[in-house]
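Observations on the three-dimensional arrangement
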Amino acid sequence: MERRDKYNYYLDIAETVLERGTCLRRNYGSIIVKNDEIISTGYTGAPRGRKNCSDIAFCRREKLNVPRGTQYELCRSVHSEANAIISASRRDMLGANLYLVGRDVKTGEYVKNANSCTMCKRLIINSGIKKVIIRDTKHNYRVIDTDLWIEEDDSLQDEMGY
């Protein structure tokens, strides 16, 4: 029997975490791991004390046909990455990895080209997380060094004159 590699092992756990998600469009699960220890987990859901989309059976972004990757301010949910980050201490996240898995609620398929939104990227960078591992298929994933996000953001800011 072939032993599961560590990246897929942790992605499998993140995939289990996403099953707690309450979004009606896409659910994500995140786990933060440092030195082979799970520091925290997070899934997509409304802030504490607020009703989830699954409870009210309504998604404002879906009703307005808001395209993926835009107008997150209309969403009730806190993203899985943000939930994992707010549940951990910064000293534990310094140099850690964040594992991210997303699934479409209607089809059950993995989200194609999944990635963190701009705000979550900033939170990830600021928390000290060094790598983000994103599942593309049950056995394939991408490893992103967060330093690349800093360079991308700096390039964009230069183009816009900030």
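Keep in mind the model is a prediction, meaning the values are calculated, not measured.

Right, let's talk about the UniProt feature "active site" (unreviewed entry) in the protein for a bit. Feature annotation in UniProt places "active site" (unreviewed entry) on Glu-81, given in this structure's numbering. Here Glu-81 is to be found in helix H4 (residues 80-86). Those residues within four positions of Glu-81 in sequence are excluded, and the remaining contacts are Ser-30, Leu-98, Leu-100, Ser-116, Cys-120 and Ile-124.

Right, let's get into the sheet that holds strand E3 (residues 97-104). Pairing between sheet strands relies on hydrogen bonds along the backbone, with the strands arranged either parallel or antiparallel. Strands sit in the order E2-E1-E3-E4-E5 across an open sheet of five strands; the sheet is mixed. Sheet topology places strand E2 (37-43) and strand E5 (141-145) at the edges, where each strand pairs with a single neighbour. Recorded for the sheet is a direction-independent mean angle of 20° between the axes of neighbouring strands. The strands touched by helix H1 (residues 6-18) within the sheet are strand E1 (26-34), E2, E3, strand E4 (131-135) and E5, with E3 carrying the most contacts at an inclination of about 50°.

Rules used throughout
In this convention, every chain numbers its residues from 1, walking through the sequence in written order. Where totals are concerned, whole chains, interfaces and linings use all residues; where local detail is concerned, this predicted model gives features only for residues with pLDDT of at least 70, and gives and counts side-chain atom pairs only at 80 or more. Processing note: side-chain calculations cover all non-hydrogen atoms of the structure and skip hydrogens and water entirely. UniProt positions are given in the numbering used here, feature names are shortened, and annotations may be inferred rather than shown by experiment. By the criteria applied, helices consist of DSSP H or I runs no shorter than four residues and strands consist of E runs no shorter than two, each listed in order from the N terminus. Between two residues, a contact is recorded if the distance between any of their heavy atoms is within 4.5 Å. Here, strands pair whenever DSSP counts at least two bridges between them. In this description, a line fitted to the C-alpha atoms serves as the axis of each element, helices being fitted only across the stretch in contact, and the angle between N-to-C directions of two axes falls anywhere from 0 to 180 degrees.

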